[in-house]
Amino acid sequence: MKKMIIKCCQTHVEHALDMYVAETESYPILTELSDEKKLSTKCAYCEEAATYLVANE
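The notes below deal with the structure included here. Residue numbers run consecutively from 1 along every chain, following the written order of its sequence. Local features in this predicted model are restricted to residues of pLDDT 70 or higher, and side-chain atom pairs are both shown and tallied only at a pLDDT of 80 or more, whereas totals for entire chains, interfaces and linings draw on every residue. Working from all heavy atoms in the structure, the side-chain values ignore hydrogens and water.

Our focus in this paragraph is the overall build of the protein. Helix and strand counts for the protein stand at two helices and three strands. Counting from the amino terminus, the protein carries its helices and strands in the arrangement β-α-β-α-β. Atoms counted for the radius of gyration: C-alpha only. Globule rule: 2.2 Å times residue count to the power 0.38. Taken over the C-alpha trace, the protein has a radius of gyration of 11 Å; the compact-globule value for 57 residues is 10 Å, and the two agree within 12%. Put simply, the protein has 57 residues, and 37% of those count as buried. A contact between two residues is defined here by any heavy atoms of the two lying within 4.5 Å. Here the analysis covers contacts within the protein between residues at least 6 apart in sequence; of these, 61% occur between residues at least 24 apart. His is not counted, nor are the chain ends; Lys and Arg add positive charge and Asp and Glu add negative charge. Charge placement uses NZ in Lys and CZ in Arg. For Asp and Glu, CG and CD serve respectively. Positive and negative side-chain charges in the protein, numbering 6 and 10 respectively, have mean positions lying 7 Å apart. Here a strand is any run of E in DSSP of at least two residues, a helix any run of H or I of at least four, and the numbering for each starts at the N terminus. Note on exposure labels: buried denotes an accessible area under 20% of the residue type's maximum, exposed denotes more than 50%, and partly exposed covers the range between, all computed with a 1.4 Å probe on protein chains only.

Rendered as structure tokens:
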């Protein structure tokens, strides 16, 4: 299985889920980032702080 991790904001969570499924042909695990990680992590699609982690682990 291909390993993929996408960190995204609330606005882009649906896009991240769609991209993950299209790329890996499997369903991801959606996890909310801790408050500490939210502050230091940027969205993969914009400059906002990331809220979610879309991954397969």
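Now that the structure has been shown, the text picks up again.
A few words now on the nonpolar core. Take the buried residues of types Ala, Val, Leu, Ile, Met, Phe, Trp, Tyr and Cys, join any two whose side-chain atoms come within 4.5 Å, and each joined set is a nonpolar core. Counting ten residues, the largest nonpolar core is built from Met4, Ile6, Cys8, Cys9, Val13, Ala16, Tyr20, Cys43, Tyr52 and Val54. Elements with a contribution of two residues or more to this core: β1 (5-8), α1 (13-24) and β3 (52-55). With three residues, α1 is the single largest residue contributor to this core. The residues contacting Met4, other than those within four sequence positions of it, are Met19, Tyr20, Glu23, Thr24, Val54, Ala55 and Asn56.

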